[in-house]
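# Understanding the architecture of this molecule
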Amino acid sequence: MSFADTLFQPEKSPLIRSFEELLLPKSDTELERMARESSALTRKHFGKSIRLFAPIYLSNECINSCKYCGFSKENAILRVTLEVEQMLLEARHLIQEGFRSILLVAGEHPKFVSNGYLEECVRRLSAEVPGVSLEVGPMEAANYAPLVRAGAEGLIVYQETYHKPTYAELHLSGPKKDFEWRLETPERAYAAGFRRIGIGALFGLWDWREEAVSVARHVEYLLKHCWRSLITVSLPRMRPAAGGFQPKFFLPDREFVQAICALRICFPQVGIVLSTRESGELRDALMPIGVTMMSAGSLTEPGGYTGQGREDLHHTVHGKKVSMEIKPPDASAEEQFEIADARSAGEIADLLRRNGFEPVWKDWDQAILSA
């Protein structure tokens, strides 16, 4: 039975009922108690180490129509898909910054981002860094398997919203419109052999408590059925993006901290990821509470680090590239969303050390499998 078969069942485990209780309104004293417990559990299971990673955006082409996404096909934005060599130049910039864990991100467009292209990107990149993860359009397990063999160790897929009516309202066309297909992606990733699987919801699309409970139910399911893989979870919040989508729901900072503490208390062994969507001030406050992975120095447009791909900037109409007659000299591909913490990787690493934490650049090597 897949998670899609269980999500809407009314029965909830004692663990999920406990999670729901932790999400109820709390006094300052109660929230401080949760934060202390969350911090203690994190230190017990993960020590004082925080893994650092950065994304490389391969392409902002997309065939999906999603009301909230800056890459949605309706948006008249500048688009580009990096060539493999251009991706490597972006990666080498990040390697110089210290990164050994890189997340490859791409919009969903089989014409521009094919399986063969992704496989070559992974193969070339895994020869230079030990940690390569993917955040790309969902695939069949048989299509994921060659990416794993090429060197990909992690797959990230956010359900965006677990509220099915809202999902249907926001996803107008394209493969992403299929709610169940996306929901079952982590299970196909597990079958393909990914050692690290990340999930989450995009907060701002539906009621935050209901979304958080659904995320928790998904985590509980994966821990039981995909136990050979490391499970990570993220609670990204909406940020401004092309298209000007205005979220109807809001997750305040205080409740955001509460949700992270609740996840750590109920799932002490699960990695919790915090991205540069959040402000530097909030990220600094969350470091000691429950976070185990952080992005740093991130840019969310293809070629953002080194300017790769600017000579091929174009619009896409009905799946075909439309060249620009006049390109502004400072033109660049559209970003997926605005980041909130623009500090460099070095600044984040120094901050971690000053606060008694160890920044971890590398926590995996393919050579382990052949040892």
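Up top you'll find the structure we're talking about.
Rules and cut-offs
- Residues numbered from 1 in each chain as written.
- Predicted model: local features only at pLDDT ≥ 70, side-chain atom pairs only at ≥ 80, totals over all residues.
- Heavy atoms only, no water.
- Buried < 20%, exposed > 50% of the residue type's maximum accessible area, 1.4 Å probe, protein only.
- Helix = DSSP H or I, 4+ residues; strand = E, 2+ residues; numbered from the N terminus.
- Pairing = 2+ DSSP bridges.
- Right-handed = clockwise from strand over helix to strand, strands pointing away.
- Salt bridge = Lys/Arg side-chain N within 4 Å of Asp/Glu carboxyl O.
- Disulfide = S-S within 2.5 Å.

So, about the pairing of strand β9 (residues 271–274). Here β9 shows two buried faces, one formed by G271 and V273 and the other by I272 and L274. Taken together, the three bridges between strand β8 (residues 230–234) and β9 define a ladder with parallel strand orientation. Paired with T232 across the two strands is G271, which belongs to β9. Note: β9 against strand β10 (residues 293–295), two bridges, orientation parallel. What sits directly across from V273, in β10, is M293. Between the parallel elements β9 and β10, the chain passes through helix α12 (residues 280–286) in a crossover that is right-handed.

Inspection of the entire model under this criterion finds 23 salt bridges. R196 is the partner of D363 in a salt bridge, and the nearest nitrogen-oxygen pair spans 3.3 Å. Within this pair, whereas D363 is found in the segment after β13 (358–360), its partner R196 is found in strand β7 (residues 196–200), the two being separated by 167 residues in sequence. According to the relative accessible area criterion, D363 is partly exposed, its value standing at 37%. You can call R196 buried: its relative accessible area is 6%. D350 is paired through a salt bridge with R353; the nearest N and O atoms lie 3.1 Å apart. Residue D350 and its partner R353 are both found in helix α13 (residues 345–354); the two are separated by three residues, about one turn of the helix. In this structure D350 comes out as partly exposed when scored by relative accessible area, which is 39%. Overlapping salt bridges bring together R51, E153, R195, R196 and D363 as one network.

Okay, the state of the cysteines next. Two cysteines, two sulfur atoms, one covalent bond between them: this is a disulfide. Across all of its chains, the model carries zero disulfides by this definition. With no disulfide of its own, C226 lies closest to C266 among cysteine sulfurs, the gap being 20 Å. Judged by its relative accessible area of 2%, C226 falls in the buried class. With no disulfide of its own, C266 lies closest to C261 among cysteine sulfurs, the gap being 11 Å.

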